[in-house]
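Overview (structure and organization)
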Amino acid sequence: MQSMIPVYQPDLSGNEKKYVNECLDTSWISSKGRFVTEFEQCFSHFTQSKYAISVANGTVALHLALLALGVGPGDEVIVPSFTYIASVNAIQYVGATPVFVDIEAGSWQIDVELLAPLLTKNTRAIMAVHMYGHPCDMVLLQQFARQNKLFLIEDCAEAFGAYLAGQHVGTFSDIATYSFFGNKTVTTGEGGMVVTQQPELEKKIRHLKGQGLMAGREYWHDIVGYNYRMTNICAAIGLAQLERAEMFLSRKADLALYYQKQLADLPLSFQQVKPNVTHSWWMFSVLADTPEQRDDLRHHLTIEGIETRPLFNPVHKMPMYAAGELELPVTDNISCRGMNLPSWPGMSESMLMRVIDAIRNFYL
Ligand SMILES: *Cc1c(COP(=O)(O)O)cnc(C)c1O
């Protein structure tokens, strides 16, 4: 019996253990300690951001982004329905209303052409989500946001290492967020980062994430804040991960290229990469011709010991967000035909060949 090939597995074979042991040996295990600061500094450097603020996970990073911008009850935030649930939940946390926009069939990102009709007098912000690591069209989004006086937020959870014309995602907006969940390109187990280029926003985010503690005054809190801090242990793992991030990214890009080449003649299609874009290839995904074929292929791969994941289900179909008659044809079409293939940096050649052979055998 061959072993199961998981859809994802983090590579923790660098300095992770050494740095975590340092936390234990020195007893710096909470949210103070050298790794928190170093991780934030290295992260801001890597992602070309002025300020990086570490937090407990990617979901609270989004919550803080919206809080810091003052988005709240009565406001509408435009967001794709084709995203992970956290993007939309964060909008709900602050009492604002998500307004769903459809995506482009090729890149699977927000279709900017569809934004104008969604505007109302209550629209406050757009949340761009770089799905699976392909950047949204941030130039057009910036233009649209400026023209209509909207905040722009980027959910970069899947897009660490993604660039538009050489500029790292997350630097095109007021505030951007990252996730370091176990299957993200850089992981801390659970963790997240908020980045911004604006010093006032940095201050606000730090204030909010640390219980609203007033600077220079002990146990005095001047706003209702949150405990959204990252631990030194998580930051230690994150720092070790960052040391090898370039390798993770280039390995993922190789995997994606190889999958595309080896599967090119099959009735499968891929996310189309736009010009001037560096895709981060968080998860390599394929679309089958029909939902039935997708399900059959997934079943076949499971039997062959290969784990896959369906693409995200449209959020506008979920009970708490079900928006009556709302039709997002591209989202619906892509989401039910797609799946993620194993795409982790430590995958061996032979594992990759096993996945490709199994897919080819399905279509024989
Ligand atoms: C992973 C992810 C998040 C949030 O992640 P957590 O760290 O699990 O809270 C948010 N948005 C998107 C698009 C994601 O993929």
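Residues numbered from 1 in each chain as written. Predicted model: local features only at pLDDT ≥ 70, side-chain atom pairs only at ≥ 80, totals over all residues. Heavy atoms only, no water.

The name recorded for the protein in an unreviewed UniProt entry is GDP-perosamine synthase RfbE/PerA, from Rheinheimera aquimaris.

With respect to the secondary-structure elements, Ser 343 resides in the loop between strand 14 (338-340) and helix 11 (349-362). Reaching out from Ser 343, the side chain makes a polar contact with the backbone nitrogen of Phe 284 at a distance of 2.9 Å. For Ser 343, the side chain forms a polar contact with the main-chain oxygen of Leu 341, separated by 2.6 Å. Once you skip the residues sitting within four places of it in the chain, Ser 343 turns out to touch Val 7, Tyr 8, Lys 252, Leu 255, Trp 282, Met 283 and Phe 284. (Helix = DSSP H or I, 4+ residues; strand = E, 2+ residues; numbered from the N terminus. Polar contact = N/O pair within 3.5 Å; in protein donor to acceptor, adjacent residues only side chain to side chain. Contact = heavy atoms within 4.5 Å.)

Attention now moves to the packing of aromatic side chains. Per the counting criterion, the structure on display carries 19 aromatic pairs. Taken together, a centroid distance of 4.8 Å and an interplanar angle of 80° make the contact between Phe 43 and Tyr 178 edge-to-face. Here Tyr 178 lies in strand 8 (residues 175-179) and Phe 43 lies in helix 2 (residues 34-46), a separation of 135 residues in the sequence. Of the two residues, Phe 43 and Tyr 178, both sit in the buried class. Connected via pairs of aromatic rings, a cluster forms that spans Phe 39, Phe 43, Phe 46, Phe 160, Tyr 178 and Phe 180. Stacked on the ring of Tyr 19, the Lys or Arg Arg 34 has its end atom at 6.0 Å from the ring centre. (Phe/Tyr/Trp six-rings, centres within 6.5 Å; stacked < 30°, edge-to-face > 60°. Buried < 20%, exposed > 50% of the residue type's maximum accessible area, 1.4 Å probe, protein only. Lys NZ or Arg CZ within 6 Å of the ring centre and 35° of its normal.)

Looking at the ligand, there are 14 residues lining it, with Thr 59, Asp 155, Glu 158, Ser 179 and Lys 184 nearest. For the ligand, an oxygen atom lies 2.8 Å from a polar atom in the backbone of Gly 58. Contact between the ligand and Asp 155: a nitrogen atom at 2.7 Å from a side-chain N or O atom of the residue. Contact with the protein chains covers 94% of the free accessible surface of the ligand, which is 380 Å². Contributing elements (two or more residues each) for the shell around the ligand: helix 3 (58-68) and helix 4 (85-93). (Near = heavy atom within 4 Å. Areas by Shrake-Rupley, 256 points an atom, 1.4 Å probe, with all protein chains shown as cover.)

Here we come to unusual backbone geometry. You will see that Tyr 132, though not glycine, has its phi angle at about 60°, which is positive. Looking at the element boundaries, Tyr 132 is found in the loop between strand 4 (123-129) and helix 5 (138-147). A positive phi angle, close to 70°, is found at Asn 276, a residue other than glycine. Residue Asn 276 is classed as exposed on the basis of its relative accessible area of 59%.

A word on the domain arrangement of the protein. Domain boundaries in the protein define domain 1 (16-242) and domain 2 (245-363). For domain 1 and domain 2, the distance between their C-alpha centroids amounts to 25 Å. Each partner contributes to the interface: domain 1 provides 40 residues, whereas domain 2 provides 37 residues. Across the interface of domain 1 and domain 2, roughly 3,300 Å² is buried in total on both sides, 64% from carbon and sulfur atoms. The interface formed by domain 1 and domain 2 contains 1 salt bridge. Between Lys 274 and Glu 104 there is a salt bridge whose closest N-O contact spans 3.0 Å. Among the secondary structure elements, those contributing two or more residues to the side of domain 1 that touches domain 2 are helix 4, strand 3 (97-101), strand 6 (163-164) and helix 7 (232-243). (Domains from an automatic or database assignment. Buried area = accessible area lost by both parts, 1.4 Å probe. Salt bridge = Lys/Arg side-chain N within 4 Å of Asp/Glu carboxyl O.)

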